[in-house]
Amino acid sequence: MNYKSTRGAAQAIPSSQAIKQGISSDGGLFMPEIIPAQTLEWFKELSDKSYIDRAVEVLGLFLADFTHDELYSAAQKAYGGEKFGGHAAPVVKSGYMNILELWHGPTSAFKDMALQIMPHLMSLSLQKTGENKKALILVATSGDTGKAALDGYAEAENIYIQVFYPENGVSPVQKKQMTTQKGSNVSVFAVKGNFDDAQTGVKKIFADPEMTEKLQKKGLFLSSANSINWGRLVPQIVYYISAYADMANSGQISFGQKINVTVPTGNFGNILACFIAKKMGLPIGKMICASNSNNVLTDFFETGIYDRRRDFHTTISPSMDILISSNLERLLYLASGADKCAGFMKELADTGFYRVDSGTLQSIKADFEAFWCSEEDTKAQIADSFSVNGYLCDPHTAVGIFCANKYIEKTGDNTPMLAVSTASPYKFSSSVLSALGEQAVSDEFASIKLLEDRTGTTAPAALSELKNLGERFTDSVEKDRMCEAVIDFAKNMSKH
Ligand SMILES: *Cc1c(COP(=O)(O)O)cnc(C)c1O
(Lines give C-alpha, C1' and ligand atoms only; values in the text may rest on other atoms or scores of the structure.)
Protein backbone atom coordinates (compact mmCIF):
# COMPACT_ATOMS: atom_id res chain seq x y z
CA MET A 1 0.00 0.00 0.00
CA ASN A 2 1.24 3.46 -0.90
CA TYR A 3 0.99 6.85 0.76
CA LYS A 4 -0.20 10.17 -0.58
CA SER A 5 -0.13 13.73 0.70
CA THR A 6 -3.24 15.28 2.25
CA ARG A 7 -2.54 18.26 -0.03
CA GLY A 8 -2.44 16.26 -3.21
CA ALA A 9 1.23 16.10 -4.32
CA ALA A 10 0.99 13.61 -7.14
CA GLN A 11 3.49 10.90 -6.29
CA ALA A 12 2.51 7.96 -4.10
CA ILE A 13 5.33 6.48 -2.03
CA PRO A 14 5.79 3.33 0.09
CA SER A 15 5.36 3.51 3.87
CA SER A 16 9.11 3.33 4.61
CA GLN A 17 9.64 6.46 2.51
CA ALA A 18 6.71 8.23 4.20
CA ILE A 19 8.13 7.42 7.65
CA LYS A 20 11.65 8.50 6.74
CA GLN A 21 10.43 11.74 5.18
CA GLY A 22 7.87 12.60 7.91
CA ILE A 23 6.10 15.35 6.00
CA SER A 24 5.29 15.67 2.28
CA SER A 25 7.17 18.14 0.11
CA ASP A 26 3.95 20.13 -0.43
CA GLY A 27 3.62 20.59 3.35
CA GLY A 28 0.88 17.95 3.65
CA LEU A 29 0.75 14.85 5.84
CA PHE A 30 1.01 11.32 4.54
CA MET A 31 -2.08 9.12 4.40
CA PRO A 32 -2.57 5.59 3.05
CA GLU A 33 -4.18 5.54 -0.41
CA ILE A 34 -6.94 3.35 0.96
CA ILE A 35 -7.94 2.40 4.48
CA PRO A 36 -7.95 -1.40 4.57
CA ALA A 37 -11.50 -2.48 5.51
CA GLN A 38 -11.72 -5.73 7.50
CA THR A 39 -14.55 -8.12 8.32
CA LEU A 40 -15.87 -8.57 11.84
CA GLU A 41 -14.37 -12.07 11.67
CA TRP A 42 -10.90 -10.55 11.19
CA PHE A 43 -11.27 -8.42 14.30
CA LYS A 44 -12.61 -11.44 16.19
CA GLU A 45 -9.59 -13.53 15.32
CA LEU A 46 -7.35 -10.97 17.01
CA SER A 47 -9.16 -11.50 20.32
CA ASP A 48 -7.16 -14.59 21.22
CA LYS A 49 -3.82 -12.93 20.48
CA SER A 50 -1.37 -11.02 22.68
CA TYR A 51 -0.96 -7.26 22.32
CA ILE A 52 2.25 -7.79 20.35
CA ASP A 53 0.59 -10.15 17.88
CA ARG A 54 -2.39 -7.83 17.51
CA ALA A 55 0.05 -5.01 16.72
CA VAL A 56 1.86 -7.09 14.08
CA GLU A 57 -1.43 -7.90 12.31
CA VAL A 58 -2.71 -4.33 12.30
CA LEU A 59 0.63 -2.74 11.35
CA GLY A 60 1.05 -5.32 8.58
CA LEU A 61 -2.06 -3.97 6.82
CA PHE A 62 -0.62 -0.47 6.65
CA LEU A 63 3.13 -1.08 6.35
CA ALA A 64 3.10 -3.38 3.35
CA ASP A 65 6.82 -2.98 2.61
CA PHE A 66 7.79 -4.34 6.05
CA THR A 67 8.01 -8.10 6.59
CA HIS A 68 6.13 -9.96 9.30
CA ASP A 69 9.43 -10.71 11.06
CA GLU A 70 10.50 -7.08 11.01
CA LEU A 71 7.21 -5.94 12.50
CA TYR A 72 7.29 -8.69 15.09
CA SER A 73 10.78 -7.74 16.17
CA ALA A 74 9.84 -4.04 16.38
CA ALA A 75 6.68 -4.75 18.40
CA GLN A 76 8.54 -7.13 20.69
CA LYS A 77 11.26 -4.54 21.41
CA ALA A 78 8.60 -1.87 22.00
CA TYR A 79 5.97 -3.66 24.06
CA GLY A 80 7.68 -6.87 25.21
CA GLY A 81 9.58 -7.81 28.35
CA GLU A 82 9.04 -5.55 31.32
CA LYS A 83 8.64 -2.35 29.30
CA PHE A 84 4.89 -2.09 29.87
CA GLY A 85 4.77 -4.56 32.75
CA GLY A 86 2.42 -7.01 31.00
CA HIS A 87 -0.52 -5.94 28.79
CA ALA A 88 0.56 -2.76 27.02
CA ALA A 89 -2.95 -1.27 26.89
CA PRO A 90 -5.30 -2.79 29.46
CA VAL A 91 -8.99 -1.91 29.80
CA VAL A 92 -10.31 -1.48 33.35
CA LYS A 93 -13.79 -0.71 34.61
CA SER A 94 -14.76 2.46 36.49
CA GLY A 95 -18.47 2.88 37.13
CA TYR A 96 -20.23 2.40 33.79
CA MET A 97 -17.14 3.43 31.85
CA ASN A 98 -14.45 1.23 30.43
CA ILE A 99 -11.07 2.88 30.74
CA LEU A 100 -8.29 2.21 28.26
CA GLU A 101 -5.08 2.85 30.18
CA LEU A 102 -2.32 3.89 27.79
CA TRP A 103 0.28 4.91 30.35
CA HIS A 104 1.90 1.71 31.52
CA GLY A 105 5.05 2.43 29.47
CA PRO A 106 8.44 3.71 30.65
CA THR A 107 7.47 7.40 30.94
CA SER A 108 3.93 6.92 32.31
CA ALA A 109 2.22 8.79 29.46
CA PHE A 110 0.41 7.61 26.34
CA LYS A 111 3.07 8.93 23.96
CA ASP A 112 5.09 5.81 24.87
CA MET A 113 2.59 3.70 22.91
CA ALA A 114 3.85 5.28 19.69
CA LEU A 115 7.33 6.45 20.62
CA GLN A 116 8.51 3.04 21.85
CA ILE A 117 7.92 1.47 18.44
CA MET A 118 8.41 4.35 16.02
CA PRO A 119 12.23 4.41 16.38
CA HIS A 120 12.40 0.78 15.22
CA LEU A 121 10.10 1.55 12.28
CA MET A 122 12.37 4.50 11.50
CA SER A 123 15.57 2.40 11.62
CA LEU A 124 13.97 -0.15 9.29
CA SER A 125 12.77 2.64 6.99
CA LEU A 126 16.33 3.98 6.68
CA GLN A 127 17.49 0.50 5.68
CA LYS A 128 14.66 -0.06 3.23
CA THR A 129 15.10 3.24 1.44
CA GLY A 130 18.86 2.65 1.09
CA GLU A 131 19.65 5.71 3.19
CA ASN A 132 23.37 5.87 3.90
CA LYS A 133 23.22 8.80 6.30
CA LYS A 134 22.18 8.48 9.92
CA ALA A 135 19.22 10.39 11.32
CA LEU A 136 19.61 13.10 13.93
CA ILE A 137 16.28 13.64 15.67
CA LEU A 138 15.93 17.14 17.12
CA VAL A 139 13.19 17.79 19.65
CA ALA A 140 12.08 20.97 21.41
CA THR A 141 9.87 19.97 24.30
CA SER A 142 7.67 21.54 26.93
CA GLY A 143 7.96 18.33 28.96
CA ASP A 144 6.35 15.01 28.16
CA THR A 145 7.29 14.47 24.54
CA GLY A 146 10.98 15.01 25.25
CA LYS A 147 11.25 12.17 27.72
CA ALA A 148 9.04 9.82 25.72
CA ALA A 149 11.15 10.46 22.59
CA LEU A 150 14.44 10.03 24.49
CA ASP A 151 13.34 6.76 26.00
CA GLY A 152 12.05 5.47 22.67
CA TYR A 153 15.08 6.46 20.60
CA ALA A 154 17.77 5.50 23.13
CA GLU A 155 20.00 2.91 21.41
CA ALA A 156 17.92 2.92 18.20
CA GLU A 157 20.08 1.83 15.27
CA ASN A 158 21.55 4.54 13.04
CA ILE A 159 19.67 7.29 14.86
CA TYR A 160 20.79 9.98 17.31
CA ILE A 161 18.50 12.14 19.38
CA GLN A 162 19.01 15.55 20.93
CA VAL A 163 16.42 17.25 23.12
CA PHE A 164 16.14 20.91 24.14
CA TYR A 165 13.87 21.96 27.00
CA PRO A 166 13.23 25.43 28.51
CA GLU A 167 15.39 25.81 31.60
CA ASN A 168 12.56 27.05 33.81
CA GLY A 169 9.64 25.75 31.79
CA VAL A 170 9.33 22.09 32.81
CA SER A 171 8.39 20.48 36.13
CA PRO A 172 11.14 19.07 38.41
CA VAL A 173 10.00 15.51 37.66
CA GLN A 174 10.00 16.13 33.92
CA LYS A 175 13.45 17.67 34.15
CA LYS A 176 14.84 14.78 36.15
CA GLN A 177 13.27 12.30 33.71
CA MET A 178 15.25 13.89 30.89
CA THR A 179 18.56 14.66 32.59
CA THR A 180 18.90 11.06 33.84
CA GLN A 181 18.24 9.50 30.41
CA LYS A 182 20.48 6.57 29.56
CA GLY A 183 21.81 5.65 26.11
CA SER A 184 24.93 6.28 24.02
CA ASN A 185 23.07 8.11 21.23
CA VAL A 186 21.26 10.75 23.30
CA SER A 187 21.90 14.37 24.29
CA VAL A 188 19.85 16.74 26.44
CA PHE A 189 20.21 20.50 26.91
CA ALA A 190 18.40 23.12 28.94
CA VAL A 191 17.79 26.29 26.90
CA LYS A 192 18.07 29.67 28.62
CA GLY A 193 14.61 30.80 27.57
CA ASN A 194 11.02 29.59 27.37
CA PHE A 195 9.47 26.84 25.26
CA ASP A 196 8.98 29.17 22.30
CA ASP A 197 12.69 30.02 22.34
CA ALA A 198 13.59 26.32 22.29
CA GLN A 199 11.12 25.60 19.51
CA THR A 200 12.19 28.59 17.43
CA GLY A 201 15.81 27.48 17.83
CA VAL A 202 15.04 23.99 16.57
CA LYS A 203 12.96 25.30 13.66
CA LYS A 204 15.81 27.61 12.65
CA ILE A 205 18.24 24.70 12.59
CA PHE A 206 15.88 22.71 10.37
CA ALA A 207 15.57 25.65 7.97
CA ASP A 208 19.29 26.51 7.86
CA PRO A 209 20.99 25.21 4.68
CA GLU A 210 24.42 25.73 6.23
CA MET A 211 23.49 23.40 9.10
CA THR A 212 22.13 20.82 6.66
CA GLU A 213 25.41 20.90 4.78
CA LYS A 214 27.60 20.68 7.88
CA LEU A 215 25.62 17.73 9.16
CA GLN A 216 25.65 16.05 5.77
CA LYS A 217 29.45 16.15 5.83
CA LYS A 218 29.26 14.19 9.05
CA GLY A 219 26.93 11.66 7.47
CA LEU A 220 23.79 12.95 9.19
CA PHE A 221 20.39 14.28 8.20
CA LEU A 222 17.85 16.02 10.44
CA SER A 223 14.53 14.44 11.30
CA SER A 224 11.77 15.08 13.83
CA ALA A 225 9.76 12.91 16.20
CA ASN A 226 6.54 14.85 16.22
CA SER A 227 3.09 13.45 15.92
CA ILE A 228 2.48 14.23 12.26
CA ASN A 229 4.73 11.34 11.21
CA TRP A 230 2.71 8.33 10.00
CA GLY A 231 5.11 6.10 11.96
CA ARG A 232 3.78 7.69 15.12
CA LEU A 233 0.14 7.53 14.14
CA VAL A 234 -0.15 3.96 12.89
CA PRO A 235 0.77 2.25 16.22
CA GLN A 236 -2.10 4.15 17.83
CA ILE A 237 -4.70 2.36 15.69
CA VAL A 238 -3.71 -0.92 17.34
CA TYR A 239 -4.92 -0.15 20.84
CA TYR A 240 -8.47 0.71 19.78
CA ILE A 241 -8.79 -2.64 18.07
CA SER A 242 -7.15 -4.32 21.05
CA ALA A 243 -9.44 -2.58 23.56
CA TYR A 244 -12.52 -3.66 21.63
CA ALA A 245 -11.31 -7.27 21.69
CA ASP A 246 -10.65 -7.04 25.44
CA MET A 247 -14.10 -5.58 26.12
CA ALA A 248 -15.67 -8.45 24.17
CA ASN A 249 -13.44 -11.03 25.90
CA SER A 250 -14.45 -9.79 29.34
CA GLY A 251 -18.15 -9.79 28.45
CA GLN A 252 -18.62 -6.01 28.63
CA ILE A 253 -19.96 -6.13 25.06
CA SER A 254 -20.89 -8.81 22.57
CA PHE A 255 -18.80 -8.98 19.41
CA GLY A 256 -20.26 -6.67 16.78
CA GLN A 257 -21.92 -4.36 19.32
CA LYS A 258 -21.08 -0.68 18.93
CA ILE A 259 -19.06 1.29 21.45
CA ASN A 260 -18.49 5.04 21.82
CA VAL A 261 -15.05 6.41 22.61
CA THR A 262 -14.01 9.57 24.45
CA VAL A 263 -10.51 10.92 23.78
CA PRO A 264 -8.71 13.80 25.56
CA THR A 265 -7.47 15.65 22.51
CA GLY A 266 -4.65 18.04 21.70
CA ASN A 267 -2.96 17.54 18.36
CA PHE A 268 -5.80 15.23 17.19
CA GLY A 269 -3.48 12.24 16.62
CA ASN A 270 -5.00 9.87 19.14
CA ILE A 271 -8.62 10.43 18.13
CA LEU A 272 -7.72 10.26 14.45
CA ALA A 273 -6.26 6.79 15.01
CA CYS A 274 -9.64 5.85 16.52
CA PHE A 275 -11.41 7.17 13.42
CA ILE A 276 -9.17 5.08 11.19
CA ALA A 277 -10.00 1.99 13.28
CA LYS A 278 -13.68 2.82 12.71
CA LYS A 279 -13.10 3.18 8.95
CA MET A 280 -11.45 -0.25 8.98
CA GLY A 281 -14.76 -1.63 10.26
CA LEU A 282 -14.33 -1.68 14.04
CA PRO A 283 -17.84 -1.19 15.52
CA ILE A 284 -17.48 2.35 16.85
CA GLY A 285 -20.39 4.76 17.08
CA LYS A 286 -19.49 8.26 18.19
CA MET A 287 -16.07 9.62 19.01
CA ILE A 288 -16.10 12.35 21.67
CA CYS A 289 -13.42 14.97 21.04
CA ALA A 290 -12.66 16.26 24.55
CA SER A 291 -10.80 19.56 25.00
CA ASN A 292 -9.75 21.71 27.94
CA SER A 293 -10.28 25.49 27.93
CA ASN A 294 -8.19 25.69 24.75
CA ASN A 295 -11.42 24.74 23.02
CA VAL A 296 -10.64 25.57 19.41
CA LEU A 297 -11.79 22.07 18.33
CA THR A 298 -15.10 22.29 20.23
CA ASP A 299 -15.89 25.48 18.34
CA PHE A 300 -14.82 23.91 15.06
CA PHE A 301 -17.14 20.92 15.38
CA GLU A 302 -19.96 23.27 16.39
CA THR A 303 -19.58 25.91 13.68
CA GLY A 304 -17.30 24.57 10.96
CA ILE A 305 -14.94 27.47 11.64
CA TYR A 306 -11.42 26.72 12.83
CA ASP A 307 -10.04 29.91 14.33
CA ARG A 308 -6.70 29.94 16.08
CA ARG A 309 -6.85 33.71 16.71
CA ARG A 310 -7.63 33.44 20.40
CA ASP A 311 -5.98 33.52 23.81
CA PHE A 312 -3.84 30.59 24.83
CA HIS A 313 -4.69 29.13 28.26
CA THR A 314 -2.21 27.36 30.50
CA THR A 315 -4.12 24.53 32.17
CA ILE A 316 -3.61 21.55 34.49
CA SER A 317 -3.91 19.32 31.41
CA PRO A 318 -0.89 20.87 29.64
CA SER A 319 -0.48 18.24 26.92
CA MET A 320 -3.74 19.51 25.45
CA ASP A 321 -2.78 23.18 25.53
CA ILE A 322 -2.71 23.55 21.77
CA LEU A 323 -4.19 26.01 19.28
CA ILE A 324 -3.21 24.21 16.08
CA SER A 325 -4.24 20.57 15.98
CA SER A 326 -2.04 19.33 13.15
CA ASN A 327 -3.64 15.95 12.65
CA LEU A 328 -7.06 17.50 12.03
CA GLU A 329 -5.69 17.95 8.51
CA ARG A 330 -5.94 14.18 8.03
CA LEU A 331 -9.65 14.23 8.96
CA LEU A 332 -10.32 17.11 6.57
CA TYR A 333 -8.59 15.16 3.81
CA LEU A 334 -10.73 12.09 4.45
CA ALA A 335 -13.90 14.17 4.62
CA SER A 336 -13.35 16.53 1.70
CA GLY A 337 -10.40 15.41 -0.43
CA ALA A 338 -6.92 16.81 -1.07
CA ASP A 339 -7.91 19.93 -3.06
CA LYS A 340 -10.25 21.35 -0.44
CA CYS A 341 -7.92 20.27 2.35
CA ALA A 342 -5.00 22.16 0.76
CA GLY A 343 -7.25 25.23 0.52
CA PHE A 344 -8.22 25.12 4.21
CA MET A 345 -4.58 24.77 5.27
CA LYS A 346 -3.54 27.68 3.09
CA GLU A 347 -6.24 29.87 4.65
CA LEU A 348 -5.11 28.84 8.11
CA ALA A 349 -1.52 29.79 7.33
CA ASP A 350 -2.48 33.07 5.64
CA THR A 351 -5.24 34.32 7.92
CA GLY A 352 -5.29 32.19 11.08
CA PHE A 353 -8.68 30.64 10.35
CA TYR A 354 -10.77 28.73 7.83
CA ARG A 355 -14.38 27.68 7.39
CA VAL A 356 -15.33 24.32 5.96
CA ASP A 357 -18.36 23.93 3.68
CA SER A 358 -21.54 22.48 5.14
CA GLY A 359 -21.12 19.16 3.32
CA THR A 360 -17.75 18.61 4.98
CA LEU A 361 -19.11 19.65 8.38
CA GLN A 362 -22.12 17.33 8.11
CA SER A 363 -19.94 14.41 7.16
CA ILE A 364 -17.61 15.01 10.12
CA LYS A 365 -20.51 15.45 12.53
CA ALA A 366 -21.83 12.01 11.70
CA ASP A 367 -18.85 10.51 13.55
CA PHE A 368 -17.72 13.12 16.09
CA GLU A 369 -19.13 15.05 19.01
CA ALA A 370 -17.07 17.70 20.77
CA PHE A 371 -17.18 19.11 24.29
CA TRP A 372 -14.81 21.00 26.55
CA CYS A 373 -14.07 21.03 30.25
CA SER A 374 -13.06 23.99 32.44
CA GLU A 375 -10.29 23.86 35.04
CA GLU A 376 -12.82 23.70 37.87
CA ASP A 377 -14.76 20.90 36.22
CA THR A 378 -11.51 18.98 35.60
CA LYS A 379 -10.68 19.08 39.31
CA ALA A 380 -14.24 18.21 40.29
CA GLN A 381 -14.15 15.23 37.91
CA ILE A 382 -10.91 13.92 39.44
CA ALA A 383 -12.45 14.15 42.93
CA ASP A 384 -15.73 12.62 41.77
CA SER A 385 -14.18 9.67 39.91
CA PHE A 386 -12.14 8.89 42.99
CA SER A 387 -14.87 9.26 45.60
CA VAL A 388 -17.65 7.58 43.63
CA ASN A 389 -15.79 4.88 41.69
CA GLY A 390 -12.46 4.65 43.52
CA TYR A 391 -10.72 5.44 40.24
CA LEU A 392 -7.81 7.87 40.41
CA CYS A 393 -7.29 9.64 37.10
CA ASP A 394 -4.99 12.34 35.79
CA PRO A 395 -6.31 15.74 34.60
CA HIS A 396 -6.26 14.81 30.87
CA THR A 397 -8.26 11.65 31.48
CA ALA A 398 -10.65 13.64 33.69
CA VAL A 399 -11.35 16.00 30.77
CA GLY A 400 -12.26 12.98 28.62
CA ILE A 401 -14.57 11.48 31.25
CA PHE A 402 -16.26 14.82 31.94
CA CYS A 403 -16.96 15.33 28.23
CA ALA A 404 -18.30 11.79 27.86
CA ASN A 405 -20.73 12.47 30.72
CA LYS A 406 -21.81 15.68 29.02
CA TYR A 407 -22.45 13.78 25.80
CA ILE A 408 -24.51 11.14 27.61
CA GLU A 409 -26.49 13.85 29.41
CA LYS A 410 -27.21 15.62 26.14
CA THR A 411 -28.18 12.60 24.06
CA GLY A 412 -29.28 9.86 26.46
CA ASP A 413 -27.13 7.53 24.32
CA ASN A 414 -26.34 4.48 26.49
CA THR A 415 -23.93 2.77 24.10
CA PRO A 416 -21.00 1.35 26.13
CA MET A 417 -18.36 4.05 26.57
CA LEU A 418 -14.61 3.57 26.31
CA ALA A 419 -12.67 6.42 27.95
CA VAL A 420 -9.08 6.77 26.84
CA SER A 421 -6.72 7.46 29.75
CA THR A 422 -3.58 9.21 28.57
CA ALA A 423 -1.37 9.68 31.63
CA SER A 424 -0.73 8.24 35.05
CA PRO A 425 -2.19 10.47 37.80
CA TYR A 426 1.30 10.41 39.32
CA LYS A 427 2.65 12.36 36.38
CA PHE A 428 0.54 15.26 37.64
CA SER A 429 0.64 14.61 41.38
CA SER A 430 0.36 18.22 42.53
CA SER A 431 -2.74 18.97 40.45
CA VAL A 432 -4.36 15.70 41.42
CA LEU A 433 -3.65 16.29 45.12
CA SER A 434 -5.14 19.74 44.94
CA ALA A 435 -8.22 18.33 43.16
CA LEU A 436 -8.61 15.94 46.10
CA GLY A 437 -8.57 18.91 48.46
CA GLU A 438 -5.01 18.47 49.78
CA GLN A 439 -2.63 21.33 50.49
CA ALA A 440 0.11 21.75 47.90
CA VAL A 441 3.63 20.71 48.88
CA SER A 442 6.53 22.40 47.17
CA ASP A 443 8.63 19.30 46.47
CA GLU A 444 7.14 17.32 43.60
CA PHE A 445 8.65 14.05 44.80
CA ALA A 446 6.99 14.62 48.17
CA SER A 447 3.69 15.07 46.27
CA ILE A 448 4.08 11.62 44.78
CA LYS A 449 4.52 10.11 48.23
CA LEU A 450 1.61 12.12 49.63
CA LEU A 451 -0.67 11.02 46.79
CA GLU A 452 0.18 7.40 47.52
CA ASP A 453 -0.66 7.85 51.20
CA ARG A 454 -3.84 9.79 50.50
CA THR A 455 -5.29 7.35 47.95
CA GLY A 456 -3.81 3.97 48.82
CA THR A 457 -2.56 3.58 45.24
CA THR A 458 1.03 3.08 44.10
CA ALA A 459 3.08 5.35 41.86
CA PRO A 460 4.75 3.81 38.79
CA ALA A 461 8.19 2.60 39.92
CA ALA A 462 10.00 4.63 37.26
CA LEU A 463 8.62 7.85 38.75
CA SER A 464 9.34 7.08 42.42
CA GLU A 465 12.85 5.82 41.62
CA LEU A 466 13.70 8.97 39.69
CA LYS A 467 14.52 10.82 42.86
CA ASN A 468 17.60 8.72 43.47
CA LEU A 469 19.00 8.63 39.94
CA GLY A 470 22.14 10.61 39.12
CA GLU A 471 21.90 13.34 36.49
CA ARG A 472 23.86 12.84 33.26
CA PHE A 473 22.97 16.04 31.41
CA THR A 474 23.44 19.27 33.34
CA ASP A 475 24.52 21.67 30.55
CA SER A 476 22.47 24.61 29.49
CA VAL A 477 22.82 26.70 26.35
CA GLU A 478 21.93 30.26 25.29
CA LYS A 479 18.96 30.23 22.92
CA ASP A 480 21.03 31.59 20.02
CA ARG A 481 23.79 29.00 20.47
CA MET A 482 21.70 25.86 19.98
CA CYS A 483 23.35 25.34 16.57
CA GLU A 484 26.71 24.87 18.26
CA ALA A 485 25.30 22.32 20.67
CA VAL A 486 23.99 20.36 17.70
CA ILE A 487 27.31 20.48 15.85
CA ASP A 488 29.22 19.44 18.98
CA PHE A 489 26.90 16.49 19.48
CA ALA A 490 27.26 15.52 15.80
CA LYS A 491 31.07 15.68 16.13
CA ASN A 492 31.04 13.46 19.20
CA MET A 493 28.72 10.96 17.65
CA SER A 494 30.63 10.66 14.40
CA LYS A 495 33.69 9.57 16.41
CA HIS A 496 31.83 6.40 17.44
C1 LIG B 1 -0.18 14.25 23.91
C2 LIG B 1 -1.21 14.04 24.96
C3 LIG B 1 -2.60 14.20 24.69
C4 LIG B 1 -3.13 14.67 23.36
O5 LIG B 1 -3.04 13.69 22.35
P6 LIG B 1 -3.14 14.11 20.81
O7 LIG B 1 -2.84 12.88 20.05
O8 LIG B 1 -2.10 15.18 20.61
O9 LIG B 1 -4.51 14.62 20.58
C10 LIG B 1 -3.50 13.96 25.72
N11 LIG B 1 -3.08 13.59 26.95
C12 LIG B 1 -1.77 13.42 27.24
C13 LIG B 1 -1.36 13.04 28.62
C14 LIG B 1 -0.79 13.63 26.25
O15 LIG B 1 0.50 13.48 26.56
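Computed from a predicted structure; not experimentally measured. (Residues numbered from 1 in each chain as written. Predicted model: local features only at pLDDT ≥ 70, side-chain atom pairs only at ≥ 80, totals over all residues. Heavy atoms only, no water.)

Trainee: Account for the sheet that holds strand β6 (residues 134–140), with residues named and values stated.
Mentor: The parallel open sheet is built from five strands, whose spatial order is β9-β6-β7-β8-β16. Every interior strand has two partners, whereas the edge strands, β9 (220–223) and β16 (476–478), have only one. Mean inter-strand twist for the sheet, computed between neighbouring axes without regard to direction, equals 30°. Pairing of strand β7 (residues 159–166) with strand β8 (residues 186–192) involves six bridges; the strand directions are parallel. Pairing of Ile-161 across the sheet is with Val-186, part of β8. Contacts between helix α6 (residues 118–128) and the sheet are confined to β6, β7 and β9, with β7 contributing the most and set at about 135° to the helix. In this fold helix α21 (residues 482–494) packs onto β6, β7, β8, β9 and β16, with an angle of close to 150° to the strand it touches most, β7. (Pairing = 2+ DSSP bridges. Helix = DSSP H or I, 4+ residues; strand = E, 2+ residues; numbered from the N terminus. Axes fitted to C-alpha atoms, helices over the stretch in contact; angles between N-to-C directions. Contact = heavy atoms within 4.5 Å.)

Trainee: Tell me about the layout of surface pockets, and please be specific about residues and values.
Mentor: The calculated volume of the second largest pocket comes to roughly 370 Å³. Along the walls of the second largest pocket sit 17 residues, with Lys-147, Asp-151, Lys-182, Ala-462 and Leu-469 positioned nearest its centre. Put simply, the parts of the chain that give the lining of the second largest pocket at least two residues each are α7 (144–153) and α20 (461–465). The leading source of residues in the lining of the second largest pocket is α20, at four residues. Within the lining of the second largest pocket, the residues separate by chemical class into seven nonpolar, four polar and six charged. (1 Å grid on protein atoms, 1.4 Å probe; cavity = no way out; pocket = protein on both sides within 12 Å on 5 of 7 lines; lining within 4 Å. Points joined across faces, edges and corners; volume = space filled by probe spheres on them. Nonpolar A, V, L, I, M, F, W, Y, C, P; charged D, E, K, R; others polar.)

Trainee: Describe the site of the ligand, and please don't skip the residues or the numbers.
Mentor: In the neighbourhood of the ligand, 14 residues make up the surrounding shell, with Lys-111, Gly-266, Asn-267, Asn-270 and Thr-422 lying closest. A distance of 3.4 Å is found between an oxygen atom of the ligand and a side-chain nitrogen or oxygen belonging to Ser-319. Out of a free accessible area of 380 Å², the ligand has 96% covered by protein chains. Of the residues assigned to the shell around the ligand, the class counts are five nonpolar, eight polar and one charged. (Near = heavy atom within 4 Å. Polar contact = N/O pair within 3.5 Å; in protein donor to acceptor, adjacent residues only side chain to side chain. Areas by Shrake-Rupley, 256 points an atom, 1.4 Å probe, with all protein chains shown as cover.)

Trainee: So what's going on with the packing of aromatic side chains? Which residues, and what values?
Mentor: Each aromatic ring pair is described using two quantities: the centre-to-centre distance and the angle formed by the ring planes. In the structure shown here, the tally under the stated rule is 18 aromatic pairs. When the ring of Tyr-3 is compared with that of Trp-230, the centres are 5.4 Å apart and the planes differ by 55°; the resulting orientation is tilted. Of this pair, Tyr-3 sits in strand β1 (residues 2–5) while Trp-230 sits in helix α11 (residues 230–249); the two residues are 227 residues apart in sequence, bridging distant segments of the chain. A single burial state applies to Tyr-3 and to Trp-230, both of which are buried. Relative to Phe-301, the ring of Phe-300 has its centre 5.4 Å away and its plane inclined at 65°; by these criteria the two rings are edge-to-face. Among the aromatic residues, those joined into a ring-pair cluster are Phe-268, Phe-275, Phe-300, Phe-301, Tyr-306, Phe-344, Tyr-354 and Phe-368. Between Lys-128 and the ring centre of Phe-66, over which it is positioned, the NZ or CZ distance is 5.1 Å. (Phe/Tyr/Trp six-rings, centres within 6.5 Å; stacked < 30°, edge-to-face > 60°. Buried < 20%, exposed > 50% of the residue type's maximum accessible area, 1.4 Å probe, protein only. Lys NZ or Arg CZ within 6 Å of the ring centre and 35° of its normal.)

Trainee: Account for unusual backbone geometry, naming residues and giving values.
Mentor: Look at Asn-158: it is not a glycine, yet its phi comes out positive at around 60°. Structurally, Asn-158 is set in the loop between α7 and β7. With relative accessibility at 38%, the residue Asn-158 sits in the partly exposed group. The residue Phe-268 is not glycine, and still its phi comes out positive at about 75°. As for its placement among the helices and strands, Phe-268 is situated in the loop between β10 (259–264) and α12 (269–280).

Trainee: Let's hear about the nonpolar core: which residues, and what values?
Mentor: Among the nonpolar cores identified, the biggest contains 110 residues, and Leu-63 and Ile-237 are the most heavily contacted of them. Sequence-distant contacts of Ile-237, defined by excluding residues within four places in its chain, comprise Val-58, Phe-62, Trp-230, Ala-273, Ile-276, Ala-277 and Met-280. The next biggest cluster of nonpolar side chains, apart from the first, holds 34 residues, and it includes Ile-99, Ile-288, Cys-373 and Ala-398. (Core = buried A, V, L, I, M, F, W, Y, C linked by side-chain atoms within 4.5 Å.)

Trainee: Quick rundown of the pattern of salt bridges? Include the residues and the values.
Mentor: Taken as a whole, this structure holds 19 salt bridges when the rule is applied. A salt bridge links Lys-340 to Asp-357; its shortest N-O distance comes to 3.4 Å. Of this pair, Lys-340 sits in helix α14 (residues 328–351) while Asp-357 is found in the loop between β13 (353–355) and α15 (358–365), placing the two residues 17 residues apart along the sequence. Salt bridges sharing common partners tie together Lys-20, Glu-131 and Lys-133. (Salt bridge = Lys/Arg side-chain N within 4 Å of Asp/Glu carboxyl O.)

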